[in-house]
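A look at the structure
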Amino acid sequence: MGEQFVEYYYKTFDSNRADLAGLYGQDSMLTFEAAPCQGVANIVTKLQDLPFQRVEHQVTTLDAQPADTTTGAILVIVSGVLLVEEEKRPMSFAQTFQLKPREGSYYVFNDIFRLVYPAA
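Numbering of residues begins from 1 in every chain and follows the order in which that chain's sequence is written. The model is predicted, so local features are restricted to residues of pLDDT at least 70 and side-chain atom pairs to those at 80 or more, both for listing and for counting; the totals for chains, interfaces and linings are taken over all residues. Heavy atoms throughout the structure, all of them, feed into the side-chain values; hydrogens and water do not.

You'll find the chain entered in an unreviewed UniProt entry as Nuclear transport factor 2, with Recurvomyces mirabilis given as the organism.

With that settled, consider helix 1 (residues 2-15). Numbered from the N terminus, helices here are DSSP runs of H or I no shorter than four residues, and strands are runs of E no shorter than two. Each helix should span, by expectation, one fewer than its residue count multiplied by 1.5 Å. When the terminal C-alpha atoms of helix 1 are compared, their 20 Å separation across 14 residues agrees well with the 20 Å that a helix rising 1.5 Å per residue should span. Burial classes follow relative accessibility: with a 1.4 Å probe on protein chains only, a residue under 20% of its type's maximum area counts as buried, one over 50% as exposed, and anything between as partly exposed. All of the buried residues in helix 1 are G2, F5, V6, Y9, Y10, T12 and F13. Looking straight down helix 1, one finds its buried side chains confined to an arc of 165°; they lie on one side. Those residues of helix 1 that are exposed and aimed more than 90 degrees away from the buried face are E3, Q4, E7, K11 and S15. We call two residues contacting when some pair of their heavy atoms lies within 4.5 Å. Buried residues along helix 1 sit in contact with strand 1 (24-32), helix 2 (40-48), strand 3 (55-68), strand 4 (73-84), strand 5 (91-102) and strand 6 (105-116). Note that the arc is defined by the directions from the helix axis to the C-beta atoms.

The subject of this paragraph is the UniProt feature "domain: NTF2" (unreviewed entry) in the chain. UniProt positions are given in the numbering used here, feature names are shortened, and annotations may be inferred rather than shown by experiment. The UniProt record annotates "domain: NTF2" (unreviewed entry) at residues 1-115. Within the segment residues 1-115, helix and strand shares are 20% and 54% respectively, and the terminal C-alpha atoms sit 25 Å apart.

To continue, consider the sheet that holds strand 1. Pairing is mixed across the open sheet formed by six strands, whose spatial order is 2-1-6-5-4-3. Pairing within the sheet leaves two strands with one partner each, and these edge strands are strand 2 (35-38) and strand 3. Between one strand and the next, the sheet's axes are offset by a mean angle of 15°, whatever the strand orientation. Pairing between two strands requires that DSSP report at least two bridges joining them. Two elements, strand 3 and strand 4, share 12 bridges in a ladder whose sense is antiparallel. Lines are fitted to the C-alpha atoms to define the axes, a helix being fitted only along its stretch in contact, and any angle between axes, read from their N-to-C directions, falls within 0 to 180 degrees.

The subject of this paragraph is unusual backbone geometry. Positive phi is not limited to glycine here, since A34 has a value of about 75°. Here A34 is to be found in the loop between strand 1 and strand 2. The residue E103 is not glycine, and still its phi comes out positive at about 50°. By the secondary structure assignment, E103 is in the loop between strand 5 and strand 6. Residue classification places E103 among the exposed residues on the basis of a relative accessible area of 81%.

Our focus in this paragraph is the pairing of strand 6. The pairing of strand 1 with strand 6 spans five bridges and is parallel. Residue pairing in the sheet places M29 in a bridge with N110 of strand 6. Alignment of strand 5 against strand 6, held across 11 bridges, turns out to be antiparallel. Bridged to L99 within strand 6 is V108. Connecting strand 5 to the antiparallel partner strand 6 that follows it, the hairpin turn spans two residues, and E103 within it adopts a positive phi of roughly 50°.

As a further point, take the packing of aromatic side chains. Two rings from Phe, Tyr or Trp (for Trp, the six-membered ring) form a pair when their centres are within 6.5 Å of each other. A pair whose planes differ by under 30 degrees is stacked, one over 60 is edge-to-face, and the rest are tilted. Counted according to the given criterion, the structure contains nine aromatic pairs. Seen from their ring centres, F93 and F113 are 5.7 Å apart, and the 15° between their planes marks the pair as stacked. Of this pair, F93 sits in strand 5 while F113 is found in strand 6, placing the two residues 20 residues apart along the sequence. Both residues of the pair, F93 and F113, belong to the buried class. These aromatic residues form a ring-pair network of at least three members: F5, Y9, Y10, F13, F32, F93, F97 and F113.

The following block contains the structure:
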């Protein structure tokens, strides 16, 4: 489940961020570089307003495990690199998702994204 979700998420993010709307709910929360927002419309607006149009994510690690056995939630942690616009140097990132069941599928309840900067 985790691998399928991650593949779909980044493929969609890289091609058309507006199409990610179906993965979120009104109770979903995104924290992008310490800036929180909640709800589908606010999350999609935040993602579409990022200061770049072209991006390519390359996943290097992916871990997934049950987050809550009573609800069936799944915790997914991803690390990788991304290339933005014409930038030649990739930037490292880490992203954590909590997926919750909804109508026979899953949606993103929590989404936390951080760029990872090299140690000084």
